[in-house]
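What the coordinates show
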Amino acid sequence: MKNLLYICLLCLSLIACKDENSIQTFFVEHQEEPSYSLVDISKTLIDFSDTDLTKDEREAYNALDKLHVLMYKATDSTQDAYTKELKQIQKVFKNPDYSELMQFSSDGMKFKISSIGEENTVDEVLVLASSNTMGFAAIRVLGDDMSPEKIAALISKMKDANVDDNKLKGIMDFLK
């Protein structure tokens, strides 16, 4: 009887534990905060119908489901809070369950791209884009068995795609 009680307590403690450093936990904990804005974007926002896609690029597009974007807007009066929040999200991106794909900077923006899943087929691509003047965005690209190489090729084609500006209104309004 005593062993059964210990097993039950162990099970309850394991169920009650959550991964504080998961991107999903971060999104849930911050989505209602006034400094943050959460936008869900369907893959239909990007129209590739007028763009010639290779078979691999078409497969990459079809593997995508949606994007979840959590943004934090930085202002001159919120630089201390911005620095604190940025450190929190950077800690999440260091989660050992996430495989870092690349880091780079462009036009004052820093980017970190990671993935969740197997090496050749990932179920989630994570992007952290940050700028001291604008803030940061954590982006969850959700899909099924996405190939990182194919996704990278698709991203390079995005400059040729048509994007529905009306669907980006929530993002643009937040950044004003």
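In short, a report on the structure.

Definitions and limits used
Residues numbered from 1 in each chain as written. Predicted model: local features only at pLDDT ≥ 70, side-chain atom pairs only at ≥ 80, totals over all residues. Heavy atoms only, no water. Pairing = 2+ DSSP bridges. Helix = DSSP H or I, 4+ residues; strand = E, 2+ residues; numbered from the N terminus. Axes fitted to C-alpha atoms, helices over the stretch in contact; angles between N-to-C directions. Patch = residues over 30% accessible without salt bridge, like charges linked within 9 Å, V, L, I, M, F, W, Y side chains within 5 Å. Areas by Shrake-Rupley, 256 points an atom, 1.4 Å probe, with all protein chains shown as cover. Salt bridge = Lys/Arg side-chain N within 4 Å of Asp/Glu carboxyl O. Lys, Arg positive; Asp, Glu negative; His and termini not counted. Charge placed at Lys NZ, Arg CZ, Asp CG, Glu CD. Buried < 20%, exposed > 50% of the residue type's maximum accessible area, 1.4 Å probe, protein only.

**Topic: the sheet that holds strand E6 (residues 122-131)**
- Judged by pairing direction, the sheet is antiparallel, and its 6 strands sit side by side in the order E1-E3-E7-E6-E5-E4 without closing on themselves. If you trace the sheet from one side to the other, it starts and ends with strand E1 (36-42) and strand E4 (99-106), each paired once. Strand-to-strand twist in this sheet, taken as the mean axis angle between neighbours without regard to direction, amounts to 15°.
- The pairing of strand E5 (residues 109-117) with E6 spans 8 bridges and is classified as antiparallel.

**With respect to the environment of Val 28**
- By secondary structure assignment, the location of Val 28 is in helix H2 (residues 23-30).
- Between the C-alpha atom of Val 28 and that of Leu 38, which follows or precedes it by 10 residues, the distance is 9.8 Å.

**With respect to a negative patch on the surface**
- Together, Asp 65, Glu 118, Asp 123, Asp 144 and Asp 145 make up a negatively charged patch on the protein surface.
- Residue position: Glu 118 is located in the loop between E5 and E6.
- With a relative accessible area of 60%, Glu 118 lands in the exposed category.

Keep in mind these values describe shape, not function.
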